[in-house]
Structures are given as C-alpha cells and as structure tokens.
Amino acid sequence: MVHHWSPDTWTSGTPEIGTVTFYVAPGFELLALSSALEILRLTNRAARRDVFRWRTVSHGGEAVNASCGISVAADGDLAQERRHQSHPDRPLMAIVCGDEPTDGRESKALNAWLRECRQRRIMIGAFGNGVVALAKTGLLNDRKCSIHWEAYPAFKEHFMHIESVTTVYEVDDNIWTCAGGAAAFDMMAQFVKQHCGEPVAVNVGELAVAGRIRAGDERQRLPLLRQHGTINPTVVKLIGLMQENLASPLTMAELAAAVALSRRQIERLFRNELGRSPRRYFRELRLEHARLLLAQSTLPVLEVAIACGFISASHFSKCFRAAHLIAPHQARGLPARRYLNVPSQGFQPAAI
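Because the structure is a prediction, the values reported are computed rather than measured. (Residues numbered from 1 in each chain as written. Predicted model: local features only at pLDDT ≥ 70, side-chain atom pairs only at ≥ 80, totals over all residues. Heavy atoms only, no water.)

Across its full length, the chain carries 14 helices and 11 strands. Summarising the internal contacts of the chain: among those between residues at least 6 apart in sequence, 66% fall at separations of at least 24. Surface summary for the chain: the accessible area is close to 16,900 Å², and the carbon and sulfur share equals 50%. (Helix = DSSP H or I, 4+ residues; strand = E, 2+ residues; numbered from the N terminus. Contact = heavy atoms within 4.5 Å. Areas by Shrake-Rupley, 256 points an atom, 1.4 Å probe, with all protein chains shown as cover.)

Relative to the helices and strands, Glu273 is located in helix α10 (residues 263-274). When the C-alpha atoms of Glu273 and Val235 are compared, they prove to be 7.9 Å apart, with 38 residues separating the residues in sequence. Here the side chain of Glu273 touches Asn232 through a polar contact of 3.2 Å, landing on its backbone nitrogen. (Polar contact = N/O pair within 3.5 Å; in protein donor to acceptor, adjacent residues only side chain to side chain.)

Across the two faces of strand β11 (residues 175-178) the burial is the same, with Ile175 and Thr177 and Trp176 and Cys178 all buried. Two strands pair when backbone bridges link them, and strand β7 (residues 123-127) and β11 are joined in this way by four bridges, in the parallel orientation. The residue bridging Ala126 from the neighbouring strand is Thr177, located in β11. Where strand β10 (residues 169-172) meets β11, four bridges bridge the pair, whose relative direction is antiparallel. Paired with Tyr169 across the bridge in β11 is Cys178. Between the end of β10 and the start of β11, which pair antiparallel, lie two residues, with Asp173 showing a positive phi angle near 55°. (Buried < 20%, exposed > 50% of the residue type's maximum accessible area, 1.4 Å probe, protein only. Pairing = 2+ DSSP bridges.)

Attention now goes to the confidence of the model for the chain. Low pLDDT marks regions whose predicted coordinates should not be analysed in detail. Residues of the chain with pLDDT of at least 70 account for 86%, and the chain-wide mean is 85. In the predicted structure, residues 1-13 sits below a pLDDT of 50 and forms 28 contacts with residues beyond four places in sequence or in another chain. (pLDDT = per-residue confidence, 0-100.)

In this structure, Phe22, Phe127, Met188 and Phe191 are the most contacted members of the largest nonpolar core, which totals 40 residues. At nine residues, the largest contribution of residues to this core is made by helix α6 (residues 183-196). Residues in contact with Met188, not counting those within four places in the same chain, are Ala36, Ile39, Leu40, Ile95 and Phe127. Tyr23, Ala94, Ala126 and Phe159 belong to the second largest nonpolar core, which has 29 residues in total. (Core = buried A, V, L, I, M, F, W, Y, C linked by side-chain atoms within 4.5 Å.)

What follows covers the sheet that holds β11. One open sheet holds the seven strands; their spatial order is β5-β2-β1-β6-β7-β11-β10, and the pairing between them is mixed. Looking at the sheet topology across the chains shown, the edges are occupied by β5 (76-77) and β10. Two elements, strand β6 (residues 93-97) and β7, share five bridges in a ladder whose sense is parallel. Across the sheet, Ala94 pairs through a bridge with Ile124, a residue of β7. Its contacts with the sheet put helix α4 (residues 130-137) on β6, β7 and β11, and the angle it makes with β7 is roughly 130°. Lying over the sheet, α6 contacts β1 (18-24), β2 (52-58), β6, β7, β10 and β11, oriented at roughly 150° with respect to β11. (Axes fitted to C-alpha atoms, helices over the stretch in contact; angles between N-to-C directions.)

Here it is as structure tokens:
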C-alpha cells in the first residue's frame, strides 16, 4: 500500500489532542458509532501518536443497548460530562447517537448539555435519529441538516424551520449531521480532513480499505433502485429531477428537455437500465413517498395525495392499492421502522 503522507504533512503544525464525546441513547445505531470510532482510531494509527481521544456517555452512566441488541458500556454519565465543559479536557466535538424518549428528565438534560456545548463553541453533531434530538433543541432552526431518507417525510413535516435534505451528511455553522449507518464514516473522514488535512484523511481511508469516501452533498440513495451495477449518469440525473418534483411531476417532454434527449431516447434508457418506463418509475417514487407519509404523519389522505402529485384522492387510492394491495387508510396501521420519536396530534412513531 502506498502512503500518501507523512506525519510532517499536517495542515498547520501539529494539532493538539482533541476529545470527541459520543452520547448514546437506547436504540442507537451501532454501525454509525463503530464507523466513527474507527475513523478516530485509524487517525491515531496513521499519525503514530494520539490525535484524538474519545469517550461514550449515557444519561445515567449505564450501559446502553444498540438497535441490534448489543450493549455498549458508557465511560460516564451526562452530569459528569457537563462538568467537563469548563475542564481542559472539554470535547472538541459532541455527537448524539440516538434520540431520547420524548418526555422525562433524560430529554431535558440532553437539551441543556447540547445548548451548553453550543454556547462554549464546541462542535456538535448527530448520527441517524440523533438528528431528531438536535432538532428538538431548536439548534437546527434555519440551518441545513441531513436526515435519513426514510425519516425525511415526517421530519420535514414536524420541523418546518429546518432545511432537511437527504444527502450523506451536512455541516452548517459547525453543526454536523448525517443519515447514520455508513454515512458516519464519510462525515468523520471530513472531520479528520478539516482537523488534520486531506493527506491524513486519504491515508485513513486507505487503512480502512474504503473504496471511496463520499462527499457530503451526494444523495443517500436512488429510491427503488436495486443491484443494477453502474447506472447511466443520464438516468441518475433524471431520477434526481423526479425526486425533486414529487408534488408537481414533470412531464416526459420536460424531463427529456432537461437532458437534451428525445422522449424516445429516455424511454429506451429507462427500459435498458431499470426495466420499466420513466413514467412508471416516476409513479413508483411518488407512491413510495406516499407510503412514508402515511406511516409517519397524520396528514389526511387527500393532502398526502396532493403532496405526491396526484390530482385527486380517488386516483391516488386506485394507484396506491394497485401498488401495495391495500388502501391508503389501511397503510396507517402498518408497523414502520423507528426513525422518529416526535410527539404530535396522534402521531405514532415508527418502530424498528
């Protein structure tokens, strides 16, 4: 393996040791936490000295179960961590992994800690549904954040003062958010790049045998896309346009004009790449969005239909039933995976 840097290539001298605190709440995502920890560990290995230290914290200092059931020990409780704020070992960054219950002292203490971090200019971040915990504090208001694509419809409805997007990760005014999962690896690689320089981040990616490190503004996924190998970039662009116009669907003529192709050419591209027409694919995107809205929000069926570009509730119901074999109102009673835990008028949080 070729190493592209030496310990002498730091961006601005030798960075001081920085501590990263990970707050773990019940049901946090182990993949995101382990990815972040590995990035920090590999940075120390590449540097051949301690660049980062880390500690895990829970509300009461107890071990916390991840969503997969594995228990992770905490190094301390939130009260102890708050005392670190005025200590030389105060964190460089505080990251929330998982969302606390919507009521109780846990949520209030977490909010207070995050606000203190912000006041003391400590970078704050969140993985996956930990973004919801940040949103509840109001610290994300009028800022951009990344939210998991499956949680996006309900998150957007409940946090209207936040610019939520389905990118891999976002950094806005030193608030770092990512969709969770492998996106935590990409986000922390950017954190290392910012703290230690690009050559260090490249070397960490090599040590982790990462095929590539994604940029923050990349899309999390192409909905309904399966293992088709390399997708034609024109098709990828068209799918992006479809995703951005779910409420006001573009016509085939508008899609064709956007990529300077004929309607027949994009029809052929979609059939070759995805085995379906662009019109059918567009409808599948809209119906998937409708399914998520029905499962995660209390919007009336008519409003869901309008939000997904259908001209009437009856037309929407007909298409939804054809796709999912149930009526839209029946979809509300189906269990959905838990990404949000936001109180609302009759809002039922999904369950993993």
